[in-house]
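What follows is the residue order along each chain.
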Amino acid sequence: MSVFRRVATSAAVIALCQTPVPSLAYGEGGDGGGSSMTGGSGASSGFTNATTKAVVKTLTRGGSRCARLPRVYQFDCYRWVYKRASDQLLGNPSYSEAQKAMAQVERTLDAAVKQNRDTSQPVRRRALETYKPIKPAAVPRVTRQAEQAMTTAETTLLRSPSNKQEHYARIAEAVNSNKVLLRSALLPGSLIRLASAMLTKLIPQS
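Conventions adopted
- Residues numbered from 1 in each chain as written.
- Predicted model: local features only at pLDDT ≥ 70, side-chain atom pairs only at ≥ 80, totals over all residues.
- Heavy atoms only, no water.
- Salt bridge = Lys/Arg side-chain N within 4 Å of Asp/Glu carboxyl O.
- Helix = DSSP H or I, 4+ residues; strand = E, 2+ residues; numbered from the N terminus.
- Expected span 1.5 Å × (residues − 1).
- Disulfide = S-S within 2.5 Å.
- Phe/Tyr/Trp six-rings, centres within 6.5 Å; stacked < 30°, edge-to-face > 60°.
- Buried < 20%, exposed > 50% of the residue type's maximum accessible area, 1.4 Å probe, protein only.
- Axes fitted to C-alpha atoms, helices over the stretch in contact; angles between N-to-C directions.
- Parallel < 35°, antiparallel > 145°, perpendicular 65-115°, else oblique.
- Contact = heavy atoms within 4.5 Å.
- Arc of directions from axis to C-beta.
- pLDDT = per-residue confidence, 0-100.
- Nonpolar A, V, L, I, M, F, W, Y, C, P; charged D, E, K, R; others polar.

Caption draft 1: Geometry of the pattern of salt bridges. Within the structure shown, the criterion is met by eight salt bridges. The salt bridge involving glutamate 129 is made with arginine 84; its shortest N-O contact spans 2.3 Å. Of this pair, glutamate 129 sits in strand β2 (residues 129–131) while arginine 84 sits in helix α4 (residues 71–89), placing them 45 residues apart in sequence. Linked through salt bridges whose partners overlap, the residues forming this network are Asp76, Arg79, Asp110 and Lys114.

See the structure below:
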């Protein structure tokens, strides 16, 4: 082999060895929750600030909107809120505990609304969502069921592994804000609006 050819071959091998190997992004063969090849945690685990922020926004803004409805409609409204939050996390293994926690709140509220449905009152509509009312007499019982479901979800999130705490704690805080709004619904209307506005400001939006 000539000197020129040996030099050319060596240069090609060096260039090939120095070509960076692309890391597996979430959804492109990565396991969604394993260790990162480069030592980072965000891309390999599937956690992103954008996803967490979107779920927090769904819970806080949705809860604030539900709190402004007549009490008998609020529970089905919250059901929609938790359904949207669950759907936002569906299919992302890193948020699996959070997704299951949101889905469990939705199922609890769905069962409570169906069991205590007030068919004498009309449904309320907002875009593609319909809010079914429950019987006024069932409000205290359904309130307890809703609070218990949210408490369970919050506890699940706060007990998550340490590598998930940064994101899960933010979602848990939003769930807690929903519980506060549920309790504040027993206050006069002006105080409900005040509590809702204060909670919206307290929950980080970034």
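Picking up after the structure, the text goes on.
Caption draft 2: Representation of α4. Here α4 spans 28 Å end to end across 19 residues, near enough to the 27 Å set by a 1.5 Å rise per residue. Two residues or fewer after α4 comes glycine 91, characterised by a positive phi angle close to 90 degrees.

Caption draft 3: Summary view of the state of the cysteines. All chains considered together, the criterion is met by one disulfide. Across the disulfide from cysteine 66 sits cysteine 77; the S-S distance is 1.9 Å. Note on the cysteine 66 and cysteine 77 pair: the S-S dihedral is about -80 degrees, so by sign convention the disulfide is left-handed. Of this pair, cysteine 66 sits in helix α3 (residues 49–67) while cysteine 77 sits in helix α4, and the two are 11 residues apart along the sequence.

Caption draft 4: A look at the packing of aromatic side chains. This structure, assessed with the given rule, holds three aromatic pairs. Ring geometry for phenylalanine 47 against tyrosine 168: centres 6.0 Å apart, planes inclined by 80 degrees, an arrangement best described as edge-to-face. Separated by 121 residues along the polypeptide, phenylalanine 47 in the loop between α2 (42–45) and α3 and tyrosine 168 in helix α7 (residues 165–184) bring together distant segments of the chain. Summarising the burial analysis for this pair, phenylalanine 47 and tyrosine 168 share the class buried. A ring pair is formed by tyrosine 95 and tyrosine 168, whose centres lie 6.4 Å apart and whose planes are at 35 degrees; its orientation type is tilted.

Caption draft 5: How the structure looks around unusual backbone geometry. The phi dihedral of alanine 127 is positive, around 55 degrees, even though this residue is not glycine. Mapped onto the elements of the fold, alanine 127 is located in the loop between β1 (124–126) and β2.

Caption draft 6: Here's a closer look at the packing of α4 against α7. Two elements in contact, α4 and α7, have axes whose closest approach is 12 Å; the angle formed by their N-to-C orientations is 175 degrees. The orientation of α4 with respect to α7, classified from their angle, is roughly antiparallel. Along its contact with α4, which presents Arg71, Gln74, Phe75, Tyr78 and Tyr82, the element α7 presents Val175, Asn178, Leu181 and Leu182.

Caption draft 7: Looking closely at helix α6 (residues 139–158). With 20 residues, α6 ought to run about 28 Å at 1.5 Å a step, and its terminal C-alpha atoms sit 28 Å apart, in line with that. Val139, Val142, Thr143, Ala146, Glu147, Ala149, Met150, Ala153, Glu154 and Leu157 are the residues of α6 that are buried. End-on view of α6: buried residues confined to an arc of 160 degrees, all on one side of the axis. Summarising the geometry of α6, the exposed residues directed more than 90 degrees from the buried face are Arg144 and Gln148. In the core, the buried residues of α6 are packed alongside α4, α5 (96–115) and α7.

Caption draft 8: Spotlight on the confidence of the model for the protein chain. On average, the protein chain scores 78 in pLDDT, and the residues at 70 or more come to 67%. Note on residues 1–45: pLDDT under 50 across the span, and 26 contacts to partners over four residues away in sequence or across chains.

Caption draft 9: Local environment of the packing of α5 against α6. One can describe the packing of α5 onto α6 by two numbers: an axis separation of 9 Å at closest approach and a directional angle of 175 degrees. Considering their axes alone, α5 and α6 lie roughly antiparallel with respect to each other. Between α5, through Glu97, Ala98, Ala101, Met102, Val105, Thr108, Leu109 and Ala112, and α6, the contact on the second element is made entirely by Val142, Gln145, Ala146, Ala149, Met150, Ala153, Thr156 and Leu157. Counted by class, the contact of α5 with α6 contains 12 nonpolar, three polar and one charged residues.

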